[in-house]
Amino acid sequence: MINYLYQEQNWQTQLSDLITDPAELLERLELSTEQLLSGGLLASEQFKLRVPRAFVEKIVKADPYDPLLLQVLPHHLELLEHPNFVTDPLGEEQANHLPGILHKYQSRFLLTLTGACAVHCRYCFRRHFPYQENLPKSDDWVNIKHYIESQAAINEVILSGGDPLTLSNRKLKLWIERLETIDQLKYLRIHSRVPIVIPNRIDEELISLFKTSRLRIILVVHSNHSNELDDFTCTKINALVKENITVLNQSVLLKGVNDSVKAITDLSYRLFDAGIMPYYLHVLDKVKGAAHFDLQAEEIDQIYTDVLANLPGYLVPKLVREIAGEKNKTPLYGVSTY
Ligand SMILES: *Cc1c(COP(=O)(O)O)cnc(C)c1O
Ligand code: SF4
């Protein structure tokens, strides 16, 4: 098999040539298709396998427990019913004020411009969210603008997903220019996993778009394991850091993927080497189909206690949960002890 030259291929081509067939993924990784029992195929029908080849390159071959593989391979355990794991664990359908807007916190809100992601993460809390009914059309812009102007506390818009970096630079530019016309806005945050799974997404046009904006841009990438951050990926992301873009990382604590002090510690150091600051470590949202990634409270506590002891304070991600109806993400460690 020839090596896949993802470093040279442009991101648009990579995005249109994702692996969506579980058998192809397993073959490429030298795993037998028996690894994927029929339940895994069924799980894939509910939430399709979707993974860029550049990400597959980072998966260790012939290891069915590879921490990157576990995040993307449909698994029959997703089909088991668990009473506490539901389709809308965060009550997002209620915070949905206008098409595309999810406003739960005072100074900032999420704006969803696309329902598409480059990768389908099996633990994702949005796996059941009805995106396609909820995207703003071009003429919804006027209403969005009025909405922002009616709430003086808003100073930041967060482009979220779906994944906003699956959009073309042209479309991103259009929306950034629209947001720039609203004086009260100072910050534009972009939540994206694309730089991790298709590092070439950080192209010259995107860098220049971020660099020239009136808004201060904060890119929050999403990486769960240091194996996702090979040298090429780090170099690409660091190109933004060099242009004074703030780059942060959020992770989800996942059983079998990064549920050890070593995994979280290695990840934080690796991020820092690339100029990325650890931001959040989320505990799993209890979404239907993801129960097999869940950890016991005592396990989480033990890992985080060790992480605190191992890392300098500036590299410790904040352990949080999002609780429906709360005004912010809820810190989870040691908060009731003073
Ligand atoms: C996480 C989240 C935000 C951003 O929260 P920060 O704590 O500022 O990172 C905003 N809105 C919603 C609905 C969120 O879930
Ligand atoms: S929204 Fe983020 S976590 Fe969810 S599937 Fe898309 S990239 Fe993965």
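Notes on the pattern of salt bridges
Okay, step 1: Summed over all chains, the structure comprises 16 salt bridges.
Okay, step 2: Salt-bridge contacts for D17 lead to R53; the nearest nitrogen and oxygen are separated by 3.1 Å. Here R53 lies in helix 4 (residues 53-56) and D17 lies in the loop between helix 1 (11-15) and helix 2 (22-28), a separation of 36 residues in the sequence.
Okay, step 3: Taking the shortest distance from any N to any O, the salt bridge between D266 and K262 comes out at 2.5 Å. With D266 and K262 both in helix 11 (residues 261-273) and four residues apart, this pair spans about one turn of that helix.

Structural notes on the sheet that holds strand 4 (residues 187-192)
Okay, step 1: Ordered in space as 1-2-3-4-5-6-7-8-9, the nine strands form an open sheet in which the pairing is mixed. Where the open sheet ends on each side, the last strands, each with one partner, are strand 1 (101-102) and strand 9 (330-331).
Okay, step 2: Alignment of strand 7 (residues 277-282) against strand 8 (residues 318-321), held across three bridges, turns out to be parallel. Across the sheet, residue H282 finds its bridge partner in strand 8, namely V320.
Okay, step 3: Across the face of the sheet, helix 11 comes into contact with strand 6 (246-252) and strand 7 while running at roughly 145 degrees to strand 7.

Remarks on the site of ligand 2
Okay, step 1: Near ligand 2, the surroundings consist of C117, V119, C121, C124, R193 and H222.
Okay, step 2: Classifying every residue of the shell around ligand 2 gives four nonpolar, one polar and one charged.

Considering helix 11
Okay, step 1: If you check helix 11, its first and last C-alpha atoms are 18 Å apart, about what 13 residues at 1.5 Å a residue would give, namely 18 Å.
Okay, step 2: Taken residue by residue, helix 11 has A263, I264, T265, L267, S268 and L271 as its buried positions.
Okay, step 3: Summarising the contacts, the buried residues of helix 11 are in contact with strand 6, strand 7 and helix 12 (297-310).
Okay, step 4: Looking at the residues trailing helix 11, positive phi occurs at G275, about 85 degrees.

A closer look at the packing of aromatic side chains
The description of an aromatic ring pair rests on the distance of the ring centres and on the angle between the ring planes.
Okay, step 1: Applying the stated rule across the entire model yields seven aromatic pairs.
Okay, step 2: With 4.0 Å between their ring centres and 25 degrees between their planes, Y279 and Y280 make a pair best called stacked. For the pair Y279 and Y280, one class covers both residues: buried.
Okay, step 3: Above the ring of W175, the side-chain terminus of R178 is found at 4.6 Å from the ring centroid.
Okay, step 4: Lying across the ring of W11, R201 places its NZ or CZ 3.8 Å from the centre.

Some remarks on the pairing of strand 6
Okay, step 1: Extensive coverage of strand 6 is indicated by the burial of six of its seven residues.
Okay, step 2: Where strand 5 (residues 216-222) lies against strand 6, five bridges are found, and the strand directions are parallel. If you follow L219 over to strand 6, its bridge partner there is V247.
Okay, step 3: The β-α-β motif built from strand 5, the intervening helix 10 (residues 231-241) and the parallel element strand 6 has right-handed crossover chirality.
Okay, step 4: With five bridges connecting them, strand 6 and strand 7 associate as parallel partners. Residue pairing in the sheet places S251 in a bridge with L281 of strand 7.
Okay, step 5: As for the winding sense of the linkage, the β-α-β connection from strand 6 through helix 11 to strand 7 is right-handed.

Regarding the nonpolar core
Okay, step 1: Judged by nonpolar contacts, the single largest core of 76 residues is most densely connected at L25, V51, L111, I148, V157 and L188.
Okay, step 2: Those residues in contact with L188, other than ones at most four positions away along the chain, are V157, L159, I176, L179, L215, R216, I217 and I218.
Okay, step 3: The next biggest cluster of nonpolar side chains, apart from the first, holds 13 residues, and it includes V283, Y304, L315 and V316.

Let's talk about the packing of helix 7 (residues 169-180) against helix 9 (residues 204-212)
Okay, step 1: Where helix 7 meets helix 9, the closest approach of the two axes is 10 Å, and the angle between their N-to-C directions is 5 degrees. Judged by the angle between their axes, helix 7 and helix 9 are roughly parallel. Across from N169, L172, K173 and I176 in helix 7, the residues of helix 9 making contact are E205, L206, L209 and F210.
Okay, step 2: Considering only residue class, the contact of helix 7 with helix 9 consists of five nonpolar, one polar and two charged.

Here we look at helix 9
Okay, step 1: Residues of helix 9 that are buried include every one of L206, I207, L209 and F210, and no others. When helix 9 is viewed along its axis, its buried side chains cluster within an angular range of 160 degrees and face the same direction. The exposed residues of helix 9 that point more than 90 degrees off its buried face are E204, E205 and T212.
Okay, step 2: In the core, the buried residues of helix 9 are packed alongside helix 7, strand 4, strand 5 and helix 10.

What counts as what
Residues numbered from 1 in each chain as written. Chains lettered and ligands numbered in written order. Predicted model: local features only at pLDDT ≥ 70, side-chain atom pairs only at ≥ 80, totals over all residues. Heavy atoms only, no water. Salt bridge = Lys/Arg side-chain N within 4 Å of Asp/Glu carboxyl O. Helix = DSSP H or I, 4+ residues; strand = E, 2+ residues; numbered from the N terminus. Pairing = 2+ DSSP bridges. Contact = heavy atoms within 4.5 Å. Axes fitted to C-alpha atoms, helices over the stretch in contact; angles between N-to-C directions. Near = heavy atom within 4 Å. Nonpolar A, V, L, I, M, F, W, Y, C, P; charged D, E, K, R; others polar. Expected span 1.5 Å × (residues − 1). Buried < 20%, exposed > 50% of the residue type's maximum accessible area, 1.4 Å probe, protein only. Phe/Tyr/Trp six-rings, centres within 6.5 Å; stacked < 30°, edge-to-face > 60°. Lys NZ or Arg CZ within 6 Å of the ring centre and 35° of its normal. Right-handed = clockwise from strand over helix to strand, strands pointing away. Core = buried A, V, L, I, M, F, W, Y, C linked by side-chain atoms within 4.5 Å. Parallel < 35°, antiparallel > 145°, perpendicular 65-115°, else oblique. Arc of directions from axis to C-beta.

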